[in-house]
Amino acid sequence: MEQEQAPRWWAVVAVMIGIFLLVTAEQLPIGLLSQVASSMGVTPGMAGLMVTVPGVVAAFSAPLLPVAVGRLDRRIMLTVLMVVMVAGSVFSAFASSFTLLLAARVLVGLSIGGFWAVAGSIAPRLVPESQVPKAMTMIFGGVAAASVLGVPLGTLLGDFSNWRVAFAALGGLSLLTAIALWRWLPPLPPREPVRLRVLAQQFSNRGVRVAVLTTAFVVVGHFAAYTFISPILQEISGISQRHVGSLLLLYGAAGILGNIAAGMFAGRHPYRAVLAIPSLLLVVVAVFPLLGGQPSSGVMLLMVWGAVFGSVSVSIQTWILRTAPNTEAATALMAFTFNMSIGLGAMLGGRIVDGTSLPIAMWAASGLFLLGMLLVLSTPAKVVGQKTR
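The numbering scheme is per chain: residues are counted from 1 as the chain's sequence reads. The predicted nature of this model means local features are confined to residues of pLDDT at least 70 and side-chain atom pairs, given and counted, to a pLDDT of 80 or more, with totals for whole chains, interfaces and linings taken over all residues. Excluded from the side-chain calculation are hydrogens and water; included are all heavy atoms of the structure.

Runs of H or I in DSSP of at least four residues are treated as helices and runs of E of at least two as strands, each being numbered from the N terminus. For the protein, the helix and strand inventory stands at 18 helices and 0 strands. The globule rule used here is 2.2 Å times the number of residues to the 0.38 power, and the radius of gyration it is set against is calculated over C-alpha atoms. Relative to the 2.2 N^0.38 estimate, which gives 21 Å for 389 residues, the radius of gyration of the protein is 19 Å and therefore close to what a compact globule would have. Each principal axis of the C-alpha atoms in the protein carries an extent, and together these give about 55 × 45 × 35 Å. For each residue, the accessible area found with a 1.4 Å probe, counting protein chains only, is set against the maximum for its type, and the residue is called buried under 20%, exposed over 50%, and partly exposed in between. For the protein, the proportion of its 389 residues judged to be buried stands at 60%. Should any heavy atoms of two residues lie within 4.5 Å, those residues are considered in contact. Here the contacts in the protein between residues at least 6 apart in sequence split such that 86% fall between residues at least 24 apart.

Quick look at the structure:
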């Protein structure tokens, strides 16, 4: 059996780097929002479409690509998707208009959704069962690492040179990762081709359904506020724009710590780990406009925010592994939800920010966190771990 084979840690590392670059690509416009908006002559709310477009595209590519490719070896699929990522990044760097930039972001979204849908479910195929939690923590550590390294370093690179240079650098790193995936991943034929009928069946499982809806509330809420973290820090906390990139490094560092802590805790207590996420985000984001008015308090709240959101992916995926009838299909469904929520959150936040104010956007996000918390609280803890066979 595959679980009895020697662990393929280099393969795990390659997938982690792929996730790292994809999340960096998806969220990099957040750090460069003000610069791109000024360069392209659009409002910050309009510039937020750079996050919305790939999020929406990724949402649909996540469930549909595994269905479309059928029995295609997942090693080939992941490598090709990373090459698509190269194209999207390069076209973004050379876009001559905001419309062309959004078109390039469509390619980025295509690669994000398909890659994430597969990556989240292959850890049990790369390492023995006893080491799956460690592999999961590593793979989804790429999400937090994108915050601590990818987005902040891309932001700093854009600040020191130009936002186009940041996208071009991302394309070069993606090409190296495509080569690493091809070399390090073993052949990964699908155990069971994902069908649309199977995707629908996942949602009929209560554990999967709660995970999907909670993820939607949390991620829409997070990106409705976090997409505009640069103006939030500047206008609410009084922090200079030149310090935003450095603070995002600290935010990401907190996210990595949150991911590690969640990886250790969620394996034993997935229900409590998931419940803590909307509960803590509710408090932090709701009080930010009230208590984050000074640089010191703003930075402190930002660090807590980063630590909590850094725990989302590994906590939710652990819940999915405990409850889903078909883990690849459920992961594809989760990838759809996560990425669609990113796009909807950025769009919702943009409309609120352009129409009202930053604090209103943060309080609207807090309302969504409240709904997520109430949903988990209404679910019996025994639901987690009742895996359908």
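The next thing to look at is the domain arrangement of the protein. Examined at the domain level, the protein breaks down into domain 1 (1–192) and domain 2 (195–388). Residue ranges labeled as domains rest on an automatic or database domain assignment. Here the C-alpha centroids of domain 1 and domain 2 sit 19 Å apart. Values labelled buried area give the accessible surface lost by two parts on being combined, using a 1.4 Å probe and summing over both. Interface area, domain 1 with domain 2, both sides summed: about 3,700 Å², of which 70% is carbon and sulfur. Criterion for a salt bridge: a side-chain nitrogen of Lys or Arg within 4 Å of a carboxyl oxygen of Asp or Glu. Taken together, the connections running from domain 1 to domain 2 amount to 0 salt bridges. Polar contact criterion, stated in full: a pair of N or O atoms within 3.5 Å, where within protein one must be able to donate a hydrogen and the other to accept it, and residues adjacent in sequence count only if both atoms are side-chain atoms. Remark: the boundary between domain 1 and domain 2 carries 1 residue pair in polar contact (both at pLDDT 80 or more). Where the side of domain 1 that touches domain 2 is concerned, the elements lending two or more residues are helix 1 (9–31), helix 2 (33–40), helix 3 (44–47), helix 4 (49–69), helix 6 (98–119) and helix 8 (132–160).

What follows deals with a nonpolar patch on the surface. A contiguous nonpolar patch, built from Leu72, Ile76, Val80 and Trp182 and spanning about 330 Å² of accessible area, is present on the exposed surface. The residue tryptophan 182 is located in helix 9 (residues 163–184) in this model. Every patch collects residues that have over 30% relative accessible area and no salt bridge, joining them within 9 Å if they carry like charges and within 5 Å if they are nonpolar side chains (Val, Leu, Ile, Met, Phe, Trp, Tyr). Where accessible areas are quoted, they stem from the Shrake-Rupley method and a 1.4 Å probe; at the residue level, only the protein chains shown are allowed to cover.

Between helix 16 (residues 312–323) and helix 17 (residues 327–355), the least distance of the axes is 10 Å, while the angle of their chain directions is 145 degrees. Between helix 16 and helix 17 lies a crossing of right-handed hand. Residue-level contacts link Val312, Ser313, Ile316, Gln317, Ile320 and Leu321 of helix 16 to Thr327, Ala330, Thr331, Met334 and Phe338 of helix 17. Only Asp, Glu, Lys and Arg are considered charged, only Ala, Val, Leu, Ile, Met, Phe, Trp, Tyr, Cys and Pro nonpolar, and every remaining residue, Gly among them, polar. A breakdown of the residues in the contact of helix 16 with helix 17 according to their chemical character gives 7 nonpolar, 4 polar and no charged. Interaxial angles span 0 to 180 degrees and are taken between N-to-C directions of axes, which are lines fitted to C-alpha atoms, for helices over the stretch in contact. Each crossing gets its handedness from the near helix: less than a right angle anticlockwise from the far helix is left-handed, clockwise is right-handed.

What follows is about helix 9. An ideal rise of 1.5 Å per residue puts 32 Å on 22 residues; helix 9 measures up with 32 Å between its terminal C-alpha atoms. Of all the residues in helix 9, the buried ones are Trp163, Ala166, Phe167, Leu170, Gly171, Ser174, Thr177, Ala178, Ala180 and Leu181. Capping the start of helix 9, asparagine 162 holds a side-chain oxygen 2.8 Å from the backbone nitrogen of arginine 164, two or three residues further along. Take the number of residues in a helix, subtract one, and multiply by 1.5 Å to get its expected span.

Positionally, glycine 142 belongs in helix 8. Each C-alpha atom, one on glycine 142 and one on isoleucine 17, is 6.2 Å from the other, the two residues being 125 residues apart in sequence. In this structure glycine 142 touches Met16, Ile19 and Phe20, once residues within four positions along its chain are discounted.

Given two aromatic rings, their pairing is described by the distance between the two centres and the angle made by the two planes. Between rings of Phe, Tyr and Trp, where Trp is taken as its six-membered ring, a pair exists when centres lie within 6.5 Å; planes separated by under 30 degrees are stacked, by over 60 edge-to-face, and by other angles tilted. For the structure on display, the rule yields 9 aromatic pairs. Pairing tyrosine 226 with tryptophan 305 gives two aromatic rings, centres 6.0 Å apart and planes at 70 degrees, and the pair type is edge-to-face. Taken together, the residues span a long stretch of sequence, with tyrosine 226 in helix 11 (residues 206–226) and tryptophan 305 in helix 15 (residues 295–309) at a distance of 79 residues. Note on accessibility: tyrosine 226 and tryptophan 305 belong to one class, buried. Aromatic side chains phenylalanine 288 and tryptophan 305 sit 6.2 Å apart centroid to centroid with 70 degrees between the ring planes, which places their arrangement in the edge-to-face category. Highlighted residues: phenylalanine 288 in helix 14 (residues 270–291) and tryptophan 305 in helix 15, separated in sequence by 17 residues. Of the two residues examined, phenylalanine 288 and tryptophan 305, each falls in the buried class. Taken together, Phe223, Tyr226, Tyr251, Phe288, Trp305 and Phe309 form an aromatic cluster joined through their ring pairs.

Note on terminology: a nonpolar core comprises buried Ala, Val, Leu, Ile, Met, Phe, Trp, Tyr and Cys residues joined through side-chain atoms within 4.5 Å. Of all hydrophobic cores here, the largest spans 125 residues; its most connected members are Phe115, Ile229 and Trp305. Sorting elements by how many residues they give to this core places helix 1 first, with 12 residues. Here this core gathers at least three residues from each of two domains, domain 1 (1–192) and domain 2 (195–388). Other than its neighbours up to four places away in sequence, isoleucine 229 contacts Ile30, Leu248, Leu302 and Trp305.

A word on helix 17. Helix length check: helix 17, at 29 residues, gives a terminal C-alpha distance of 41 Å against a target of 42 Å (1.5 Å per residue), a fit within 8%. In terms of burial, helix 17 is largely enclosed, as 21 of its 29 residues are buried.

One rule of thumb: low pLDDT means the predicted coordinates there are not for detailed reading. This prediction gives the protein a mean pLDDT of 84; 95% of its residues lie at or above 70. Per-residue confidence from the predictor is reported as pLDDT, which spans 0 to 100. Ranking the helices and strands of the protein by mean pLDDT puts helix 18 (residues 358–377) first, with 94, and helix 10 (residues 196–203) last, with 71.

By the element assignment, histidine 243 lies in the loop between helix 12 (229–235) and helix 13 (244–266). Between the C-alpha atoms of histidine 243 and phenylalanine 228, which are 15 residues apart in sequence, the distance is 15 Å.

Along the chain, threonine 137 turns up in helix 8. With 122 residues separating them along the chain, threonine 137 and asparagine 259 place their C-alpha atoms 7.0 Å apart. Apart from residues no more than four positions distant in its own chain, threonine 137 is found in contact with Asn259, Ile260, Gly263 and Val314.

Time to look at the side chain of arginine 74. In this structure, arginine 74 sits in helix 5 (residues 74–93). The exposure class of arginine 74 is buried, given its relative accessible area of 0%. Side-chain polar atoms of arginine 74 contact the backbone oxygen of leucine 72, separated by 2.9 Å.

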